[in-house]
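Letter by letter, the chains look like this.
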Amino acid sequence: MQYLVEATGRRADWMRNALRFAWQVMSRSTWAMLTAPKKGATWKHLAADLGLSERTIANLYSWFIKAGLLARAVPGTTVRWRKGTRCGLDDDGRGNEAAQYLLIIPADILEADDETLPATAAPSASEEVPWPCETVPTRPHLELVSDVSAGSAPVDGSCIPKPSPLAVGEETPRNARARRHTALATPASEWRATVTPVTRKDRLAACERLIRELPPFRRLSARHLRSVLRSAFDLGATISDIRHALDHRPDGSPWIHTHNPRWLPSWIRHRLSAWITPDGQLVTPWPVQQRAAEHAALVAEQHARRDAYERANQARLGGPISYSERRTR
């Protein structure tokens, strides 16, 4: 799955979200490799735990289905659109039912690894069967998963045990306490990208977020990255400024794209040296500082206009303006 995600060549944030989404789907599945809504495998819970929108979750589901990694086993339905409810006028007592998906491994990946067996030959006791796939589709309780949903890519050759009705949602629902301890870190709990870290603890939290968001930084530890970025943090840089400085020069021109630098700390220092002079001064203010200065100038201009308007009114009326208290009804 990680190979297919990285082979797409998409942006780093999309690949990071796809891998986080895949891990959440795997951890919220039953023993039959079927996603369980009672474990939180719904759009709303996944979006809240991953810090993404439901539209992004829907796009990730669509891509995983087209890539042959998921297959829709149970479609999601609501009372309004379910058959037999007269567009929601009759309540059947089932409520809204979330869609459930089967986790599968495409056959071409298994064949590339030489881990599959012929469909007509039963595996011996000494041979390993790729988990969670079965290679013997002759049993009555197995079915071939092929183009389960509209628009999904065929995965002929990957056989998965057919989930029984008892296997759907048999796990007990997780309570709020367990969800708080098992949920992944969301942007709300991370260091803010527009705040300058001052203390060592704050800088360590900022570097941990940089490592999570930028895949090349994963080769460094948070403490090592904090040491490399110490001079930038001392000059008031934020996470947003670091990301901008690594991609752009002070004049706004972009850096030439570099794929997998040989020595990452030297590469970071080289990119930041265009912003920091040898004597430790900034060539130009950081982008966040520039935006803050522009906002302060705009607020000062607004206050100046308001004061000029008040002075003009006082000159017109011959003295300071006194506002009477508003009488209550």
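Residues numbered from 1 in each chain as written. Predicted model: local features only at pLDDT ≥ 70, side-chain atom pairs only at ≥ 80, totals over all residues. Heavy atoms only, no water.

1. What about the overall build of the protein?
Thought 1: Tallying secondary structure elements over the protein gives 12 helices and 4 strands in all.
Thought 2: Buried positions account for 34% of the 329 residues belonging to the protein.
Thought 3: Here the contacts in the protein between residues at least 6 apart in sequence split such that 55% fall between residues at least 24 apart.
Thought 4: Within the structure as shown, the protein displays about 21100 Å² of accessible surface, and the carbon and sulfur contribution to it stands at 54%. (Helix = DSSP H or I, 4+ residues; strand = E, 2+ residues; numbered from the N terminus. Buried < 20%, exposed > 50% of the residue type's maximum accessible area, 1.4 Å probe, protein only. Contact = heavy atoms within 4.5 Å. Areas by Shrake-Rupley, 256 points an atom, 1.4 Å probe, with all protein chains shown as cover.)

2. Quick word on unusual backbone geometry
Thought 1: For Met33, which is not a glycine, the phi torsion comes out positive at approximately 60°.
Thought 2: Relative to the helices and strands, Met33 resides in the loop between helix H2 (12-27) and helix H3 (43-50).
Thought 3: Taking the relative accessible area as the measure of exposure, Met33 reaches 12% and is therefore buried.

3. Let's talk about the nonpolar core
Thought 1: Phe217, Leu225, Leu229, Ile242 and Ile268 are the most contacted members of the largest nonpolar core, which has 27 residues in total.
Thought 2: At the level of elements, helix H7 (200-213), helix H8 (222-228), helix H9 (230-234), helix H10 (239-247) and helix H11 (264-273) are the ones that each hand at least two residues to this core.
Thought 3: Broken down by element, the residue count for this core peaks at 5 residues, all from H7.
Thought 4: Excluding residues within four positions of it along the chain, Ile268 makes contact with Phe217, Leu220, Leu225, Val228, Leu229 and Leu246.
Thought 5: Of all hydrophobic cores here, the second largest spans 23 residues; its members include Phe21, Val25, Tyr61 and Tyr101. (Core = buried A, V, L, I, M, F, W, Y, C linked by side-chain atoms within 4.5 Å.)

4. A word on the packing of H3 against helix H4 (residues 54-66)
Thought 1: Relative to each other, H3 and H4 sit at 110°, their axes nearing to 9 Å. As far as their axial angle goes, H4 and H3 are roughly perpendicular. From H3, Trp43, Lys44, Leu46, Ala47 and Leu50 reach across to H4, where they touch Glu54, Ile57, Ala58 and Tyr61. (Axes fitted to C-alpha atoms, helices over the stretch in contact; angles between N-to-C directions. Parallel < 35°, antiparallel > 145°, perpendicular 65-115°, else oblique.)

5. Topic: the packing of aromatic side chains
Thought 1: By the definition in use, this model includes 7 aromatic pairs.
Thought 2: Their ring planes at 80° and their centres at 5.3 Å tell us that Trp14 and Trp63 sit as a pair that is edge-to-face. One end of the pair, Trp14, is in helix H2; the other, Trp63, is in helix H4, with 49 residues separating them in the sequence. Across the pair, Trp63 and Trp14 agree in class, each one buried. (Phe/Tyr/Trp six-rings, centres within 6.5 Å; stacked < 30°, edge-to-face > 60°.)

6. As for the pairing of strand S2 (residues 100-103)
Thought 1: Going residue by residue along S2, you find Gln100 and Leu102 tucked away on one face and Tyr101 and Leu103 tucked away on the opposite face as well.
Thought 2: Summarising the sheet, strand S1 (residues 70-74) and S2 pair through 4 bridges and their orientation is antiparallel. Looking across to S2, one finds that Arg72 is bridged to Tyr101. (Pairing = 2+ DSSP bridges.)

7. Quick look at the side chain of Gln24
Thought 1: Along the chain, Gln24 falls in helix H2.
Thought 2: With relative accessibility at 4%, the residue Gln24 sits in the buried group.
Thought 3: One polar contact links Gln24 to Arg28, side chain to side chain, over a distance of 2.6 Å. (Polar contact = N/O pair within 3.5 Å; in protein donor to acceptor, adjacent residues only side chain to side chain.)

8. With respect to H7
Thought 1: With 14 residues, H7 extends 20 Å from end C-alpha to end C-alpha; this agrees with the ideal 20 Å at 1.5 Å per step.
Thought 2: Burial in H7 covers these residues: Arg203, Leu204, Ala206, Cys207, Arg209, Leu210, Ile211 and Glu213.
Thought 3: Here the buried face of H7 lies against H2, H8, H9 and H10. (Expected span 1.5 Å × (residues − 1).)

9. Here we look at the confidence of the model for the protein
Thought 1: Residues of the protein with pLDDT of at least 70 account for 73%, and the chain-wide mean is 75.
Thought 2: Note on residues 129-189: pLDDT is under 50 here. Beyond four places in sequence and across chains, it has 105 contacts. (pLDDT = per-residue confidence, 0-100.)

10. Looking at the pattern of salt bridges
Opposite charge on two side chains lets them pair, provided their charged atoms get close.
Thought 1: With the rule as written, the count across this model stands at 6 salt bridges.
Thought 2: A salt bridge links Glu213 to Arg209; the nearest nitrogen and oxygen atoms lie 2.6 Å apart. Taken together, the residues Glu213 and Arg209, both in helix H7 and 4 residues apart, mark about one turn of the helix. A single burial state applies to Glu213 and to Arg209, both of which are buried.
Thought 3: With a shortest N-O distance of 2.8 Å, Arg305 and Glu301 are connected by a salt bridge. Placement of both Arg305 and Glu301 in helix H12 (residues 287-317) is noted, with a separation of 4 residues, approximately one turn of the helix. (Salt bridge = Lys/Arg side-chain N within 4 Å of Asp/Glu carboxyl O.)

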